[in-house]
Amino acid sequence: MAVTDPIADYLTRIRNAQIAGHRVVIIPASKTKKRMTEILYDQGYILKYKFDDEAGKGKQGEISIALKYEKDSKRPVIRKLIRVSKPGLRQYVGADALPRVINGLGIAIVSTSHGLMTDKQARKDNVGGEVLCYVY
């Protein structure tokens, strides 16, 4: 089955795995999803990840993500994953209008001309782009 919005599918798979209490979620790979996974890891939202590009001929590979939960309450570290820019309505912002998620406590993943990065990094580099999602 063809997926019309692979980024929304990526976010939904993570959301569903957390609701079900899974430790690991496996997602079909792409360059954008790999970079988003690296950002989530660098910001401390996931425990670890592994890229498996050896899925065979004609396959795109997989990303295995170990989800992170709080020790005491077993609640997921990622409270919300919100898709902002959608295929039917893209959301572009300039460098001066980059969003601050929960007053700086969360992150926005932005697709810029310099690649995918957080809103904080885009503000530092003074570049704007397409706001893909909010994470907090």
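Note that the structure is a prediction, hence the values are computed from the model and not measured.

How each quantity is defined
- Residues numbered from 1 in each chain as written.
- Predicted model: local features only at pLDDT ≥ 70, side-chain atom pairs only at ≥ 80, totals over all residues.
- Heavy atoms only, no water.
- Domains from an automatic or database assignment.
- Contact = heavy atoms within 4.5 Å.
- Buried area = accessible area lost by both parts, 1.4 Å probe.
- Salt bridge = Lys/Arg side-chain N within 4 Å of Asp/Glu carboxyl O.
- Polar contact = N/O pair within 3.5 Å; in protein donor to acceptor, adjacent residues only side chain to side chain.
- Helix = DSSP H or I, 4+ residues; strand = E, 2+ residues; numbered from the N terminus.
- Nonpolar A, V, L, I, M, F, W, Y, C, P; charged D, E, K, R; others polar.
- Pairing = 2+ DSSP bridges.
- Axes fitted to C-alpha atoms, helices over the stretch in contact; angles between N-to-C directions.

Take the domain arrangement of the protein next. Partitioning the protein into structural domains gives domain 1 (6-67) and domain 2 (81-135). Here domain 1 and domain 2 have C-alpha centroids that lie 20 Å from each other. The interface of domain 1 with domain 2 comprises 12 residues on the first partner and 12 residues on the second. Interface of domain 1 and domain 2: buried area, both sides summed, is about 1,100 Å²; carbon and sulfur atoms make up 78% of it. Three residues, Leu11, Ile39 and Tyr45, lead the burial of domain 1 against domain 2; their summed loss comes to 39% of the area buried on that side. Across the contact surface, domain 1 and domain 2 share zero salt bridges. If you look at where domain 1 meets domain 2, you find two residue pairs in polar contact (both at pLDDT 80 or more). Sorting the residues of the side of domain 1 that touches domain 2 by element identifies helix H1 (6-20) and helix H2 (31-42) as the ones contributing at least two each. Across the side of domain 1 that touches domain 2, the residue classes tally to eight nonpolar, two polar and two charged.

On to the sheet that holds strand S3 (residues 62-67). Pairing in this open sheet of three strands is antiparallel, and the strands run S1-S3-S2 from one edge to the other. Of all strands in the sheet, those with a lone pairing partner are strand S1 (24-28) and strand S2 (46-52), marking the two edges. Strand-to-strand twist of the sheet, defined as the mean angle between neighbouring strand axes without regard to direction, takes the value 20 degrees. Looking at chain direction, S2 and S3 are connected through six bridges and run antiparallel. Note that in S3 the partner of Lys48 across the bridge is Ala66. Running at roughly 160 degrees to S1, H1 makes contact with S1 and S3 of the sheet. Helix-sheet contacts for H2 involve S1, S2 and S3, and the interaxial angle to S2 is about 155 degrees.

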